[in-house]
Amino acid sequence: MAPAIAPMKPSDIAENSFVKALAESSALSSVPSQFAFANDSRGSHSDSIPIVDFSLLVSGTPDQRAKVLQDLDNACREWGFFVLVNHGISESLLKDIIDASLEYFELPEEDKRRYEAKSPSDPIKSGSGSVINTANHRVHLWRDFVKSYVHPEFHCPDKPKKLRDVLVEFSEKTRSVARKLLQDIGQNLGLEEGYIDEVLKLDSCFQLYAANYYPPCPQPDQAIGLPAHTDHGLLTFLIHNGVAGLQIQHNGEWFNTNSPHNSILVNTADHLEILSNGKYKSVRHRAVVNSEATRISVVMANGAAPDAIVRPAGPLVEQDGRAYYHPMKFIEYVETMLSNRLEGRSNLDCIKIQDD
């Protein structure tokens, strides 16, 4: 057995800022101390995670559509998560965006370092990332990532060349599906047709593309890909390369997510919780790692327009007798979250209106 490597120094982290290179090191047999994040990565399996058939929302009979609207409402209220099937996005496009994202991670490190984040407002960011743990120590995450703002303004790394065209199409297709789901969510919430489009300025909606690379880890229970968190935005779409790793929290228990081939995993995010005045919940989820195979996930976060002020919907506030969240400009919320300035605290907790 290869000897355990010595704890990495901060200078080593800077020199080897991408986890991919570390994981490929022949000397690696244990998790370096900077990555130590003890966790129970086991999750329960459940057949009850909701499935929503998008095709029946679009072209089903009235009875079929009514049934799926109820499925969608239950998913948003009870789980904050569902598996979207028959969504109309081609299998080839889903494969192409995974493949193009993998090509990015296989670039030489000097190409990826061009996009190391200098500011939360940088439209393209790349790196490995870290998080503040409960002991107030900064822990490095067992993943590499690339993120870019793709709507209303489109940004993309210039390499690999195929990524730009694929990402343009993926952004357009997912944006169309998200807007249709939000129309139906508005109907379920009892809002007037077009209400969400208008107040959140969805013609200029914010979309963020993120790809994550989780290499095999020698001690999966001693590291974390992404710790438990919620997402900014309205609806988050996620696809992956067939290697499991996403877990969601439901009634205090962690569940592994299993998705049928060619499906999209969707979770309700912070701004949908705010808009619904708490009727729908932004679900906590995490990414665990394994010792066998590289996992790649591609995420499209779908939100309000950057300059939109997101607040609980007026008709729901009237119905509930009060607002449960303070208003906040969408892009300010996003950049506060991306900056990690809250040091482990939830953005949602910060803008909830506390009971007297």
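Residues numbered from 1 in each chain as written. Predicted model: local features only at pLDDT ≥ 70, side-chain atom pairs only at ≥ 80, totals over all residues. Heavy atoms only, no water.

**A short note on the pattern of salt bridges**
Next, step 1: Scanning all chains against the criterion turns up 15 salt bridges.
Next, step 2: Close ionic contact of Arg 179 with Asp 197 constitutes a salt bridge, the shortest N to O distance being 2.6 Å. Of this pair, Arg 179 sits in helix α7 (residues 161-188) while Asp 197 sits in helix α8 (residues 195-199), placing them 18 residues apart in sequence.
Next, step 3: On the accessibility criterion, Asp 197 (24% relative accessible area) is partly exposed.
Next, step 4: With a closest N to O distance of 3.5 Å, Asp 184 and Lys 180 form a salt bridge. Of the two residues, Asp 184 and Lys 180 are both situated in helix α7; the distance of four residues between them amounts to about one turn of the helix.
Next, step 5: Using a relative accessible area of 1% as the deciding quantity, one classes Asp 184 as buried. (Salt bridge = Lys/Arg side-chain N within 4 Å of Asp/Glu carboxyl O. Helix = DSSP H or I, 4+ residues; strand = E, 2+ residues; numbered from the N terminus. Buried < 20%, exposed > 50% of the residue type's maximum accessible area, 1.4 Å probe, protein only.)

**Describing helix α4 (residues 62-79)**
In an α-helix, one full turn covers 3.6 residues, which means residues spaced three or four apart are oriented alike.
Next, step 1: With 18 residues, α4 should reach 26 Å at 1.5 Å per residue; the first-to-last C-alpha distance of 25 Å fits that figure.
Next, step 2: Within the span of α4, buried status applies to Val 68, Leu 69, Leu 72, Asp 73, Ala 75, Cys 76 and Trp 79.
Next, step 3: Of the residues flanking the end of α4, it is Gly 80, one or two places downstream, whose phi is positive at about 70°. (Expected span 1.5 Å × (residues − 1).)

**As for the sheet that holds strand β3 (residues 124-127)**
Next, step 1: Read across the sheet, eight strands follow the order β1-β2-β12-β9-β14-β7-β6-β3 without closing on themselves; strand pairing throughout is mixed. Of all the strands in the sheet, just β1 (51-53) and β3 have a single pairing partner and so form its edges. Here the average twist between neighbouring strands, direction ignored, is 20°.
Next, step 2: By the bridge criterion, six bridges tie strand β9 (residues 235-240) to strand β14 (residues 295-302) in an arrangement that is antiparallel. Directly across from Leu 235, in β14, lies its bridge partner Asn 302.
Next, step 3: Relative to the sheet, α7 contacts β2 (81-85), β6 (144-151), β7 (207-214), β9 and β14, its axis offset from that of β9 by approximately 135°. (Pairing = 2+ DSSP bridges. Axes fitted to C-alpha atoms, helices over the stretch in contact; angles between N-to-C directions. Contact = heavy atoms within 4.5 Å.)

**Topic: the nonpolar core**
Next, step 1: Grouped together as the largest cluster of nonpolar side chains are 85 residues, with contacts concentrated most on Phe 82, Leu 84, Ile 97, Leu 181, Ile 185, Tyr 209 and Phe 237.
Next, step 2: Broken down by element, the residue count for this core peaks at nine residues, all from α7.
Next, step 3: Not counting the four nearest positions on each side in its chain, Leu 84 is found in contact with Val 52, Phe 54, Val 177, Leu 181, Ser 263, Ile 264 and Val 266.
Next, step 4: One finds Leu 22, Leu 28, Tyr 214 and Ala 287 within the second-largest nonpolar core, a separate group that totals 18 residues. (Core = buried A, V, L, I, M, F, W, Y, C linked by side-chain atoms within 4.5 Å.)

**Some points on the packing of aromatic side chains**
Next, step 1: Per the stated rule, a full pass over the model turns up six aromatic pairs.
Next, step 2: Between Phe 35 and Trp 142, the ring centres sit 5.2 Å apart and the planes meet at 75°, which makes this aromatic pair edge-to-face. One end of the pair, Phe 35, is in the loop between α2 (19-23) and β1; the other, Trp 142, is in the loop between β5 (138-140) and β6, with 107 residues separating them in the sequence.
Next, step 3: By relative accessible area, which is 4% here, Phe 35 ends up buried. (Phe/Tyr/Trp six-rings, centres within 6.5 Å; stacked < 30°, edge-to-face > 60°.)

**Observations concerning the sheet that holds strand β11 (residues 253-256)**
Each strand in a sheet pairs with its neighbour through backbone hydrogen bonds, running either in the same direction (parallel) or in the opposite one (antiparallel).
Next, step 1: Taken together, four strands build an open sheet; the order of strands is β8-β13-β10-β11 and the sheet is antiparallel. Edge positions in the sheet fall to β8 (226-229) and β11, since each of these pairs with one other strand and no more. Strand-to-strand twist in this sheet, taken as the mean axis angle between neighbours without regard to direction, amounts to 20°.
Next, step 2: Here strand β10 (residues 246-250) runs beside β11; their pairing, made up of four bridges, is antiparallel. Considered in β11, the bridge of His 250 is made with Glu 253.

**Observations concerning unusual backbone geometry**
Next, step 1: With an omega dihedral of 10°, the bond running from His 151 to Pro 152 counts as a cis peptide bond.
Next, step 2: Its place among the elements puts Pro 152 in the loop between β6 and α7.
Next, step 3: In this structure, the amide linkage connecting Lys 159 to the following residue, Pro 160, adopts the cis form with an omega of -10°.
Next, step 4: With respect to the helices and strands, the residue Pro 160 is situated in the loop between β6 and α7.
Next, step 5: Backbone geometry at Asn 86 places phi at a positive 55°, although glycine is not the residue there.
Next, step 6: Topologically, Asn 86 is positioned in the loop between β2 and α5 (91-105).
Next, step 7: The residue Asn 277 is not glycine, and still its phi comes out positive at about 55°.
Next, step 8: Position of Asn 277 relative to the elements: it lies in the loop between α9 (270-275) and β13 (285-287).

**As for the packing of α5 against α7**
Next, step 1: At a closest axis distance of 9 Å, the pairing of α5 and α7 adopts a crossing angle of 140°. One way to sum up the angle between α5 and α7 is to call them oblique. Here the hand of the crossing between α5 and α7 comes out left-handed. Facing Leu 93, Leu 94, Asp 96, Ile 97, Asp 99, Ala 100, Ser 101 and Glu 103 of α5, the residues of α7 in contact are Lys 162, Leu 163, Val 166, Leu 167, Glu 169, Phe 170 and Lys 173. (Parallel < 35°, antiparallel > 145°, perpendicular 65-115°, else oblique. Left-handed = near helix turned anticlockwise from the far one by under 90°.)

**Let's talk about the confidence of the model for the chain**
Next, step 1: Per-chain confidence: the chain averages 89 in pLDDT, with 89% of residues scoring 70 or above.
Next, step 2: In this model residues 1-15 is a low-confidence stretch, pLDDT under 50, and it forms 26 contacts with partners more than four residues away in sequence or in other chains. (pLDDT = per-residue confidence, 0-100.)

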